[in-house]
Structures are given as structure tokens and as C-alpha cells.
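Architecture and fold: a report
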Amino acid sequence: MEELVYRLRTSRSAHSLLTHSNNEENEELLLDKLRGLVTNIKWSPKDVADLLDALLKRFDPTANDSSRLLSWMLEMLHCIEINFITPSWRCRGMKLVELVQDKTVTDENLKECLADDEEKQLDAILEEIRQQQLNQIDEKLLDDVRDIVSSVCDDLTSRNVGSQRSGLKKDLLRLCQAAEKTHFRPRLTQMVSWCIMALSETGRLIQVGTGEGKSCIVAMFAAYRAMRGEKVDIMSSSSVLAERDLKGWQKFYDILKISVGCNTNNEGKERKCYECQVVYGTVEQFAGDWLRHHFHRADLFGRRTFQCAIVDEVDSLMLDKGLHMVYLSSDMPALRHLNPLLALIWATANQYKKIGTHTTVGRKCPFHEVVLENITKAEDIDQFTILQMAEEAGILAKGSVKDLRENSSLLTEKIKSVTVDQLAKFFKTVEKRFSSCQFALHCMNNDGSIEELNKGSQGAMANKRVPLLLISGGLCQHMYSDQNSVHRAVEAQINRALHFTPCELSQDECSCYIPGFFSDLVKSKLNVWIKNAFHAQTMTKDHEYVLESHGVVPVDYSCTGVVENNMKWSDGLQQFLEMKHGSKLSDMTVITNYMSNVGLLQKYGDQIFGITGTLGQQAETETLQKIYKGIKTCQIPSFKRRKLFEVEGVIVDNEKEWIEEICDVVTAQTNPTPYRAQRAVLVICETISRAKLLHRALGDKVPNRKLYINNNMDNAAIMAKLEAAEVIIATNLAGRGTDIQVSEPVKRAGGLFVVQTFLPKNARVEAQAFGRTARQGSPGSAQLIVCSLHLSELLKLQVLIAKFQSSLENMNNLMPFFLKHLFVTLFRVYLITHRDEVSESLALTVKHILTNMTDSEIKTVKEIRDDSVVEGLASFLESDIPSIKKKEVLFSQYLAELDEVYKNKPADSDLSALNEFWGMWLLTNFNVSVPIKDLEDKLTGDLKTARQKLKQGESPSSNLHHYTAFGNELWKKGHLAESIEMYTKAIQEDHCWAAIAYYNRAFASLTQQDKHQDPNCIAQALQDLRNALESVELYCEQTLVTYRYFAQVLHTDSITRFDSHMTVRYKVLLCFKENIIEATKRLSGGAVKLNKRPVYCLVSLLDFLPTLQLAFQSLTQIFSRDHLRLLQLISHPTFDISIELKCLKSLGLTHVYTLDKLSFCLRQLWKIRSALHRGFSFLFRSRERCFK
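Report on the accompanying structure. Worth saying up front: this structure is predicted, and the values here are computed from it rather than measured.

On a plain count of helices and strands, the protein comes out with 46 helices and 32 strands. Considering only C-alpha atoms, the protein reaches an extent of 120 × 90 × 60 Å along its principal axes. When the 1188 residues of the protein are sorted by exposure, 54% land in the buried category. Partitioning the intrachain contacts of the protein with sequence separation of at least 6 by distance along the chain shows that 74% fall at a separation of at least 24.

Written as C-alpha cells, this is what we have:
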């Protein structure tokens, strides 16, 4: 061999081969493909070496050009790769190496053998089930499955009607015959899946691969249970899938004479679908209808009970979304009183900024304010004393204090020339005079670094020194080293501006007034709201949420990528994000009813059957079994051999390299090579923003590229059959439940190539993404390309450690480099000689290379991720599930209380007040650490007290608006004296916000006396109207306060949606003021005749013309009952006036009054306007909302 190499080196031709050549990249690619057989198809190094030797010897240099050897080998290895050929694979009774060695088998025949995709036989399927470690299947069950399926297959093949069959054999045959008439004959794997579920006495979760026909299995099993006389509920992950599956299998059910319906897009109190034997729908709709039935007392279910549930994508609904709750929105307009407070929190939180890694600074304050707040109250010092000290120290010009006493607005002008050095000297003077004042003074250098100015002045007060950042212009900022300190500072700052009514109102434009009945709620939730304000700052658009025409909408970016139109965040987070982007400000909600996915599914007991493409790992299946008792699992093999080749994943150091790597992989796959044609590519990104980034980066490199990032858009064209060189850049939206078809040329080239550009949160999400390719026996490939900067801190550290260890090994071990160089050299030698001993040496070299491979970084990172998933599941079981169960126990207790309330036919106002009390009780009293027995006892006692108060005509939560509602109901019944008493109670509860109570009392008194209004009555009515006007001024002022705080943060020259919304709210309040002023003028002239009109007559008819125009233009949307379109319609600025008037009506302003007669035409126009609002009132009815 040495002699041979020496001769070759001396020859001119060999010299050109052994130096750098154009083939070098392909030779390395050859080695990578051989390595891939070990890492991705689990070949042993010896098997790969034997295959390499067999391929080299198969190539006949006398019949082929030697230069084609490399491309021929790459072509053969590509065929092996895309068809996922394992060492144990057999064709014609021979293994792959044996077929390669058999030269009677032509290359074309060999490729046909590799591409073979025959369906598996029954025994092979059952054996695969037997070998799966996580399958909870015993031999008897498998024997029964074999007996049933084989018998039914025989009958189907022989066209036997099966009259002699009985039991499950008869049932399965009947179902298969029906399926064959309407669709196709069920595959063996589908029959096996059906049998395993049908033979299970308790629930069964089965894993059926993507593209394996889950909808057929679901329909067959649902029909079987219906044939037994049971009611079956089929829960899909979306309404689109539910409606699609119902439509697709309607004829199947019709043949079997089984009634079937769907619960999506069914409005109104009656849902005929629940009279059917089988109901398709979403888990949200099933839960929402249960709440309507039990909480709103709408008889939807009749006698239907929870008998059997079949859950599609069961892992997602039970684990990822197990804690999601459905609730019916409750109308509590009083919560908009909290809007100024939320705006104050948002503005205050945005005054705090990070400087450096661990330091946060607060708002900029004039130096004297900081000194004053640190001086003890006993010293009786005011701001002018501090300013006088500054003047004496030369910081302020002579006479400044005198000027400031006369005009405080001159402060900014007076201190603007004060330098950092002057401030530092002044604070030292302050420290000497006031022992309570000790400061740690800092300044920021030009390079952004922070320098401490008085390090030496430590002393005994070192730990009590107040850290300050001094700024030119006489300003300073408090410095905080941890987030808790920041939160405490923000809370203290907010409390200085926050006041609970009734109280004396100041002229301060920044004061925030909140009704006193909210004091307990604010005190218990203020810290949570503050934390959420800071959290909202860190959240980013096109990551955790998107901006839609109907507002800020969450995105389930970590699992499904779905834009969740029916989802809103709780505890102020939704409102903070709306203010962040200048969107329309929604009101906070109080949850009075709820049902979690876990709670709903547990109602089916042990009769839950689920199907998914990814059951997950052992920890996940064990978690499911702990939550849902009696459930067993089983993984069903694919009906054909799956041909998914996972290219070894890559972790890169920075985002630039990450983008380049992805672009290189995509362009490599969409361009042809000597051994394959162009392929199609699916790029799955974690967030919408990164999908857009990669879409731009690919640019002209990939002209045929499409974005799939939002389920609110029409994506039909995007999801059409993919041709060669076409690319879809998507979020996880394309990762679950998406069937992406590819053309035949793409299949021949290797199928769809999936690039996952992030590390999924768990192996199930990863498998769902990779499940978009290699479906139904077709080939496909997938690869993870991850940027380490996108990983969690723990995973980042692990990557750094792995890279460091790898660097050390490479420094001390040159063997991998030597072996790689030797492989290239030997291959080039073989190209010239084609001698067997060179082939054997080449194979031996490959064996050494593959034997000494180290674990990849991606494998290590996945292991750590999987460990964290186990920890997360433990927390899910130990913390989250108990919390959900406690809440649902309390809700059940409240429902039982409602049963007693409904026996006495309660008034709507009483029912509303009790529901609000319960919702507020839950917000202020629920604590997961408190034993459930203690919570139940407290709720029992508090509900008893609340009901007693209602019987006595009192608000259970001291809400003045309840009294107004009570008064309105009494007035409606003709009990004017009693209604006036209720309005009086509202005024006594909180006169500051009692505008509507004053207004209603004035006109109730006038109505009571009708034509005999005496001077005392008129005088009292006039006083009530003046008081109402004063109270409306507070409403107006607090609307302006909300806007002022918002405007402190978002600076823009354009008119935002927030601006237009607040403008309409303010305009409606001005209309109310004008009505009061006009009534006061009329009433001042003596007795009047009252004209009572609906509240919608408060604004002019011209203001309603745009609403009327939009309504007529949108009739198709309205009657389509498309929930998204209705959301978009209601959120249109034109509807703001209607919504604001509806809110006033909910607060008790059901009618407004004019004191003169109206013309006939005007009365008719008012009737039209009222009819318009009645016609569209259903747009504002209770709607399901999910929350996080």
C-alpha cells in the first residue's frame, strides 16, 4: 500500500487529485451521509463500513466513467436515506448489503426495492405494538384484536355479508362496509385502533401517526358507541376541523342511521345538536354550553349526560391546554372605574428603566423632593426650606425661592443649570444637617458606566443609604438593585395618587379616584397588576401576541402557533398591552363562571378516548393517567413503513449565523444536485417576527416562498400542493393538524424537507412539526437549526460547556482530522486504482471515524429539555391541577347556592348583584395555599350574608350601582316611592359616583307627582340634577386622567385607536352633561311635562348614521355568525358610541328625559334609532372568553 501511494504521489494525475479539487465538498458530503446512517437511522459503524465496501465494489469502472463514482454513491446513499432503510430492512428475502452485492439486481431495480411502500400485514402491526415499551396491551387483548380483524378482513375480501358474525366482529364489519361505501375500506391499522378502543372497558388514549386516517377511526368508534345506545361527544382542536369532519363523514352516519350534529356556530338558547347521538365540536363550545346550561339556566342539554368523549389531539387539550378555562363574559361595567388606575400603573411602571445588568432607576425627580421624602416628619421641614438651603449653597440663584413661592411653575427653569458636581456637594451638606438623610450618590459617565461619587462616606449608616443617580439639571433618580424593590417603589408612588371615594375631591389633575367598594380588590391585586405592567413591557408584538383589527390578541406560539381570537389575558395584562400599542382599551372582567378543559373531561369519568399523533414520553403519559383515572395508552404503528430521515441538528452561536445556516439549508434543498431534483421546504419558526425575518432573509435566493403565520387570513392558496423549489415559512400553525401535500416530482426527490428553527418546548411539539412530512409512506426529511441565544439560560450554559469540552478534545486529539483527511485521500486513490485493498482500507477508516463520534450538542440540549419537561409536569400535578380543582369545587358550591336562589324567581338585578359578589369574592379570597375546607366554609358564610343583604334591599358588595339597578326595577314595576329610596341608598353609599342615581331620583320624583309638581319637589329635583352634573364632571375628569397617563408613555403624532375610543367616551359623557344642563334650565321655569326616551337617544341622530351605514354593509357578516367577523365588526370605531351608551345603560341610565314635546317626525326617528339598537343587541350578548 505504501508503495502504491508513493507511486501515485509521483504521478502527475495523482498530484492533481490529492490536492484541493472541486470534488472536496462532495467527498465531505459523502462522509456526512455515511455518518447520518449512524446518527439518524441507527446503523452500526460496522454495517456502514460493509455498505460502503459493497457500494464501491458494485460500481463497475469498465462500464461507467470513473468520475461518476462519487455522484453515483451520493445518489444511492440519498435513496437509502430518504427511504429510511434500516440494517434489518429486507426485500426479496435479502438485506440491503446483500442486494447491493447482487449484481444481477440492476440499479433501477435496487432503487425500486428501496422505494417499496407496501402496507404492513396484521401480524407485523401487532408485533410492533407488542414491542412498544409504553403500550399497555396484554397478550389476550392482542389475540382478540387478531381474531376480530382477521375475520372481518376475510369477510370484506370475500364480500361476505357477515350474517353469521356476532359481537364486535359483526359491529366492525358493519362499520367497515359503511366506510367502504362512503369513503374507502379501512386500513388494518385503523381496524386495529378501533378494536383496541372497543375492547377497552375504560378510557384509552392511542397514538396514531400524522396522515394515518384519525378521522376515520374517530367516526367508526363514535358510531360503535352510538349503536350501543350511548351519547358521544367528539372534541376537536378547532371549529374548522369539527365542521370539516362532520361534513366529511355525514353520509357514513346516515347509512348507519345515526343522528349527528355540530355545536359550533349555533347561536341562541336552543341547540338542537345535543338531541343527536353524536356531536362534533370544540372543547370550548362544549364547556361554554355546559356553563349556559348550569349558570345561565338555558336548557341546552335536556337529558343528555356525559357518557363518552372522543378527543382529537388529546395531548394538546389535556396537557398543553389542560389549564385553559372557558367562561361566559359577565357584564360588570363598574370595572371601567379601574381604567384610570390601570393607566396610572402603566405610566408609573414606564418611568422605571434598566441601566446596566442589575440596576433599575426610577422617575426623574427634582433634588429637593428626594431630600424632603427622606427627612423624618418630626423635623417639620417643607420644600421651601430645602430650596432655601440650595440657594444659600449657591446652587440656585439669589431670589429663586422668593420667585418659586409666587410661581411654582418656574422650578424647571430655576434648576436647569444645576450640575452633577453641585448636586453631590449639596447632598453632603444635607447629610450633615439631617441625620436621617444618607445617600449613595452615583453618576453616569459618557461611556454609560455608573460611578459612585461618595464611596468613602460609609459609616454606621452604610446599609441605610439611599442610592441615587444624579443628573444635570438638578434632577436625580432612585436606584434599585432588585425587582421587588422596584415594585415596592411603584406601589408607594401609586398610593400617593390613589384615592377611594367617597372623599373630598382635589384639583390635582393626576389624582386617581376609585369607588370605595373596589378597595379590597385593589389592595389584594395592586401588586399583581404592577408585576403585569412590567411583564407587558417585556412582551413583544408578533411573538406573544399580534395586533388585529379587533385589538391585541394572544398567540399560542410555543405549541400551536394559533392566533387565539377568543383569548384575553387577565389581571390587567390585556389592558397594559392595549395601552402599550394605543389600541382600544377594554374593561377588566370578573370571572363569575368557568370550566377548565381538565374539569370538563373529568366529567366523563373513565370513558375518555383520545387520539393524537404524539402521546409523548413516559412522564407525559403517566401524568395523563394520574389526572384521568383508568386511562391506558397505546401507540399504533403506521400502515406503511415511515420514511422520515432526521438530519443531525445544528446549534449556532448567534442570530446572524443562524439566519445564514437556515438560508443555506433551504437553498441547498430547493436547488437540484447531480443525485436529486429540487425539493420543497417547510420552515417552522417559533414566532411570527422570526418567520418574517427569515422570509426577508431568503429574498431573491428563494423566489417561490410564502408566509403562513396567521389563522385569521385566507391561507388556502398557501396550503395548496407544493411544487419543486417552493418554500413555506410558517409558525407552529403549520406544525399540528396541517396536511401539506407535495407533488410527485417532489416526492421522488426526497419529499418535503422540514426545517425547525427553534428547540420546541417538548418532544411532542417537535414530533408534530416533523410529522408534516414523510406521511403515508412517502419520503421526507427534517432538521433542527437552533440559535443558542434563543435558548433558556440553563440550555445556553450547557451549550457553552459542550463547546468548551469539544474544543479541548480537538486541541488534544488530532485523530478525527487525520482520519477525515485519510478518508478523502483513500477515496481519491480508489478513483484511480479501483483496487479491493483500497476499498477495504476506506471502509475500515470510515468504521474508525463513525466509532469515535461524540454526542452532538443538540442531543445534549434535548436531554436537558426533556428533564425540564418532567419537572414541569410534576409542578402541573402538584400545583396547577389542585388549584384548578379548588376553584371548580368552589364554583360547584356557588352553583348549588344558585339552585336555591332560582327557586324564588329572583329579579335580574338581584341575580346580577349576587354573581358580581361571587366573582369579586373569588378575586379577593381565593388562595391556593388555603385548605379547601376553609375556603368552602368562608364562601358559605359570605354567601349567606350576601343573600340576607339582598333580601333587605342592600348591595352585598356595597356597590352603589346595584342600588341604582334595584331602583330601576322598582320603577319599572310602578313602585316609584321604593325606587326613590333605592336611588337615595346609592347616593348615600358614594355620592361622588352617583350621577345616574341623582339623575334618576330627580325624574322619579317629578314622575311621581306628574302634573302636580310642587315647588319643593322641583327644588329637590333641581338640586339632584346639579349634584348629578357635579358627579358627571368626575366621570369626565377620570376619563381625562386615563388619557393623560396613557399619553405620558406613548408619544405619537398620529391618532391612535385609544385616542378615538377615549374621545367617544368623553363625548357621550358630554352629551349626558348637556342633557342635565338643558333639563335644569327647563325645570328652573317651573312644572314641566316629562318625555322619557331610551338612553340611545342621548346622542344626536347624526352620530348614528355611520353605525347604520356600517351595519347595512355588514349584514352578510352579521348573519354568517362568523365569530371572528363579528369581533372585528364590534371593534370598529363606528360602534364605540353604541358600546359606550350600552355601558351607561348597564350602570343604570336606562332612559333619558326631555322636558318638551317632540314633533311626530322626531319621534319616528327615535323609534328607528331604538329599533336599530335592539336589532344589533345580540352582538353584545355573552360570549365565551378563554383566559390565561
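There's plenty left to go through after this.
The subject of this paragraph is the nonpolar core. One recurring pattern in soluble globular proteins is that nonpolar side chains are buried together. Counting 166 residues, the largest nonpolar core has Leu341, Phe518, Trp529 and Tyr999 as its most contacted members. Counting residues per element, this core draws most heavily on helix H40 (residues 1015–1049), which supplies 13 residues. With 59 residues, the next largest nonpolar core counts Leu141, Val145, Ala226 and Ile636 among its residues.

Take helix H17 (residues 367–374) next. Those residues of H17 that sit buried are Phe367, His368, Val370, Val371 and Asn374. On an axial view of H17, the arc spanned by its buried residues comes to 160 degrees, and they lie on one face.

Enumeration according to the criterion identifies 36 aromatic pairs in this entry. A centroid spacing of 4.7 Å and a plane angle of 55 degrees characterise the contact between phenylalanine 221 and phenylalanine 609, whose relative ring orientation is tilted. Here the residue phenylalanine 221 occupies a position in helix H12 (residues 214–227), and phenylalanine 609 occupies one in strand E22 (residues 608–612), the gap between them amounting to 388 residues. Across this residue pair, the class does not change: phenylalanine 221 and phenylalanine 609 are buried. The side chain of arginine 187 reaches across the aromatic face of phenylalanine 639, ending 3.9 Å from its centre. Against the face of tryptophan 971 rests lysine 1092, its NZ or CZ located 4.9 Å from the ring centre.

Moving on, we come to the packing of helix H23 (residues 519–538) against helix H35 (residues 908–925). Running from N to C, H23 and H35 cross one another at 35 degrees; their axes reach a closest spacing of 9 Å. In this structure, H23 crosses over H35, and the sense of that crossing is left-handed. Each of Asp520, Leu521, Ser524 and Lys525 in H23 lies in contact with H35, whose residues at this interface are Met920, Leu923 and Thr924. A class-by-class count of the residues in the contact of H23 with H35 yields three nonpolar, two polar and two charged.

Close contact between helix H39 (residues 995–1009) and H40 brings their axes to 7 Å; oriented N to C, the two are set at 160 degrees. Here H39 is positioned roughly antiparallel relative to H40, judged by the angle of their axes. Relative to H40, H39 is oriented so that their crossing is left-handed. Every residue of H40 that contacts H39 at Ala995, Tyr998, Tyr999, Arg1001, Ala1002, Phe1003, Ser1005, Leu1006 and Gln1009 is listed here: Cys1017, Ile1018, Gln1020, Ala1021, Asp1024, Leu1025, Asn1027, Ala1028, Ser1031, Val1032 and Tyr1035. Grouping the amino acids of the contact of H39 with H40 by side-chain chemistry returns 13 nonpolar, five polar and two charged.

Rules used throughout
- Residues numbered from 1 in each chain as written.
- Predicted model: local features only at pLDDT ≥ 70, side-chain atom pairs only at ≥ 80, totals over all residues.
- Heavy atoms only, no water.
- Helix = DSSP H or I, 4+ residues; strand = E, 2+ residues; numbered from the N terminus.
- Buried < 20%, exposed > 50% of the residue type's maximum accessible area, 1.4 Å probe, protein only.
- Contact = heavy atoms within 4.5 Å.
- Core = buried A, V, L, I, M, F, W, Y, C linked by side-chain atoms within 4.5 Å.
- Arc of directions from axis to C-beta.
- Phe/Tyr/Trp six-rings, centres within 6.5 Å; stacked < 30°, edge-to-face > 60°.
- Lys NZ or Arg CZ within 6 Å of the ring centre and 35° of its normal.
- Axes fitted to C-alpha atoms, helices over the stretch in contact; angles between N-to-C directions.
- Left-handed = near helix turned anticlockwise from the far one by under 90°.
- Nonpolar A, V, L, I, M, F, W, Y, C, P; charged D, E, K, R; others polar.
- Parallel < 35°, antiparallel > 145°, perpendicular 65-115°, else oblique.

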